[in-house]
Amino acid sequence: MTETIVVADEVRAAVAEGRPVVALESTIFTHGLSRPRNLEVAFEAERSLRDAGVTPATVGVVAGVPTVGLSRDQIELIEAVDAGTVKTGIRDLPTAAVKRLHGGTTVASTAWLAHRAGIAVFATGGLGGVHRGAATTFDESADLVALSSIPILIVSAGVKSILDVPATLERLETLGVIVLGYRTTRFPGYYVRDSGCSIEAVESSEAAAAVARARDDLGIRSAVLIANPVAADEQVDPALHDRVLAEAEREAATAGVHGKDLTPFLLDHMHRGTEGATLDTNIAVYLRNVQVAAEIATALQGAC
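Here we summarise the structure given alongside this text. The structure presented is a predicted model; accordingly, all values stated were derived computationally and were not measured.

**Focus on the packing of helix H10 (residues 205–218) against helix H13 (residues 277–302)**
Working step 1: Where H10 contacts H13, the two axes come as close as 8 Å, and the packing angle between them is 60 degrees. In this view, H10 runs oblique relative to H13, as classed from their interaxial angle. Here H10 runs over H13; the crossing is right-handed. Each of Ser205, Glu206, Ala208, Ala209, Ala212 and Arg213 in H10 lies in contact with H13, whose residues at this interface are Glu295, Ile296, Ala299 and Leu300.
Working step 2: Here the contact of H10 with H13 is built from residues that sort into six nonpolar, one polar and three charged.

**Section: the environment of Val121**
Working step 1: Take Val121: it is sitting in strand E7 (residues 121–123).
Working step 2: The residues touching Val121, leaving out its near neighbours within four places in the chain, are Val21, Val22, Ala23, Ile152, Leu153, Ala293, Ala297 and Leu300.

**A short note on the layout of surface pockets**
Gaps left between atoms are located by rolling a probe of water-molecule size over the structure's atoms.
Working step 1: One number sums up the size of the largest pocket: a volume of about 1,600 Å³.
Working step 2: In this structure, the largest pocket is lined by 43 residues; those nearest its centre are Lys87, Lys160, Thr263, Pro264 and Leu267.
Working step 3: Put simply, the parts of the chain that give the lining of the largest pocket at least two residues each are helix H2 (27–32), helix H6 (107–116), helix H8 (142–147), helix H12 (262–273) and H13.
Working step 4: Per element, the largest residue contribution to the lining of the largest pocket is five residues, and it comes from H12.
Working step 5: Split by residue class, the lining of the largest pocket holds 15 nonpolar, 18 polar and 10 charged.

**Some points on the packing of helix H3 (residues 37–51) against H13**
Working step 1: Following both chains from N to C, one finds H3 and H13 inclined at 20 degrees, their axes separated by 9 Å at the closest point. In terms of orientation, H3 and H13 fall into the roughly parallel class. In this structure, the crossing between H3 and H13 has a hand that is right-handed. Taken together, the residues of H13 that come into contact with H3 (itself represented by Arg37, Val41, Glu44, Ala45, Ser48 and Leu49) are Ile283, Tyr286, Leu287, Val290, Gln291 and Ala294.
Working step 2: In terms of residue class, the contact of H3 with H13 is made up of eight nonpolar, two polar and two charged.

**Some remarks on the packing of aromatic side chains**
Working step 1: Per the counting criterion, the structure on display carries one aromatic pair.
Working step 2: Measuring from ring centre to ring centre gives 5.1 Å for Tyr190 and Tyr191, while their planes differ by 80 degrees; the resulting arrangement is edge-to-face.
Working step 3: Exposure remark for Tyr190: the relative accessible area of 1% places this residue in the buried category.
Working step 4: In this structure, Arg72 packs its charged tip against the face of Phe43, placed 3.8 Å from the ring centre.

**A few points about the pairing of strand E3 (residues 55–62)**
Working step 1: Across the eight residues of E3, eight count as buried, placing the element largely inside the fold.
Working step 2: Residues Thr55, Ala57, Val59 and Val61 of E3 are buried on one face, and the alternating residues Pro56, Thr58, Gly60 and Val62, pointing to the opposite face, are buried as well.
Working step 3: Summarising the sheet, E3 and strand E4 (residues 65–68) pair through four bridges and their orientation is antiparallel. In the sheet register, Val61 faces E4, and the bridge partner there is Pro66.
Working step 4: Remark: two residues form the turn of the hairpin made by E3 and E4, two consecutive strands paired antiparallel; Ala63 in that turn has positive phi of roughly 50 degrees.

**Quick look at unusual backbone geometry**
Working step 1: Here the bond from Arg35 into Pro36 is cis, since omega is 0 degrees, no more than 30 degrees from zero.
Working step 2: Structurally, the position occupied by Pro36 is in the loop between H2 and H3.
Working step 3: With a phi close to 55 degrees, Arg100 is a non-glycine residue in the positive phi region.
Working step 4: Relative to the elements of secondary structure, Arg100 occurs in the loop between helix H5 (93–99) and strand E6 (103–105).
Working step 5: Of note, the phi angle at Tyr190 is positive, near 65 degrees, even though the residue is not glycine.
Working step 6: Following the sequence through the fold, Tyr190 ends up in the loop between strand E10 (186–187) and strand E11 (197–198).

**Structural notes on the nonpolar core**
Working step 1: Counting 56 residues, the largest nonpolar core has Val68, Ile119, Leu127, Leu169, Val177, Val179 and Phe187 as its most contacted members.
Working step 2: When residues in this core are grouped by element, the largest group, five residues, is from H6.

**Describing the environment of Glu173**
Working step 1: Assignment of secondary structure puts Glu173 in helix H9 (residues 165–174).
Working step 2: Judged by relative accessible area, which is 60%, Glu173 ranks as exposed.
Working step 3: A sequence separation of 25 residues divides Glu173 from Ser148, and the C-alpha atoms of the two residues are 9.5 Å apart.

**Quick word on H6**
Working step 1: Counting buried positions along H6 gives seven out of 10 residues, so the element sits mostly inside the fold.
Working step 2: Those residues of H6 that sit buried are Val107, Ala108, Ser109, Thr110, Ala111, Leu113 and Ala114.
Working step 3: Taken from the residues just after H6, Gly118 is the one with a positive phi, measuring 85 degrees.

The rules we used
- Residues numbered from 1 in each chain as written.
- Predicted model: local features only at pLDDT ≥ 70, side-chain atom pairs only at ≥ 80, totals over all residues.
- Heavy atoms only, no water.
- Axes fitted to C-alpha atoms, helices over the stretch in contact; angles between N-to-C directions.
- Helix = DSSP H or I, 4+ residues; strand = E, 2+ residues; numbered from the N terminus.
- Parallel < 35°, antiparallel > 145°, perpendicular 65-115°, else oblique.
- Left-handed = near helix turned anticlockwise from the far one by under 90°.
- Contact = heavy atoms within 4.5 Å.
- Nonpolar A, V, L, I, M, F, W, Y, C, P; charged D, E, K, R; others polar.
- 1 Å grid on protein atoms, 1.4 Å probe; cavity = no way out; pocket = protein on both sides within 12 Å on 5 of 7 lines; lining within 4 Å.
- Points joined across faces, edges and corners; volume = space filled by probe spheres on them.
- Phe/Tyr/Trp six-rings, centres within 6.5 Å; stacked < 30°, edge-to-face > 60°.
- Buried < 20%, exposed > 50% of the residue type's maximum accessible area, 1.4 Å probe, protein only.
- Lys NZ or Arg CZ within 6 Å of the ring centre and 35° of its normal.
- Pairing = 2+ DSSP bridges.
- Core = buried A, V, L, I, M, F, W, Y, C linked by side-chain atoms within 4.5 Å.

What follows is the structure, given as structure tokens:
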């Protein structure tokens, strides 16, 4: 750790004493969800961890300072309409520091900062991945490369189905990221339980913790990705999902939408086309991942 990264006293003490801690990203409430649900979800996630006996460590950038364990006031500060908060990946951290910007940390930067603070487990909603058409655009999320070199355990609901899921799994394999389904052999597609791709499974939080422990014992420096599918009664109806996604892709092609504009375009179309069902699933997915991460973090500390 260096003085350029601030770790909240509560988080620092929990890590030092070997108590379970789970990191949480901040882009979900700075850029992912609309008001007022964004703050409600942010605080509900922290409350869920505390109820499970786990210390929450929400990660963000406050006036240029990467902070692990944001206070309630800091969460409200960087979420404010006039805060000018930027989406902050690993490569953006130095610029945000120099310009003293508020930042919502992505999966990659949250994992990086959490690991620097000694945190072993991180909960998020969905992981970034390889975009469709990446063979010509080379468009893929920095999350994938980051997880190839950050030895953290991350719980997510797979990747959003608007991405190229098979290519994402191939890329994760190439990068040496350990990918396991939580009580499933089907890789989830975020909004739906089954993306159509197969993976190996772990059947319990203890088994997931054991894999992370074995990775560390072997000196492997990549992440363990635990893919936790949305509950069957909370997923978007698969038939509706496939129809709306196909419509969104056709509209994007007709309008010439590409590059960084494509993902928000598709997500907005999915939200409208499912009459808000994707938002409900988004929240349900995230909060369930937080619960699973709490169980794994507790099991991991118990194994020490």
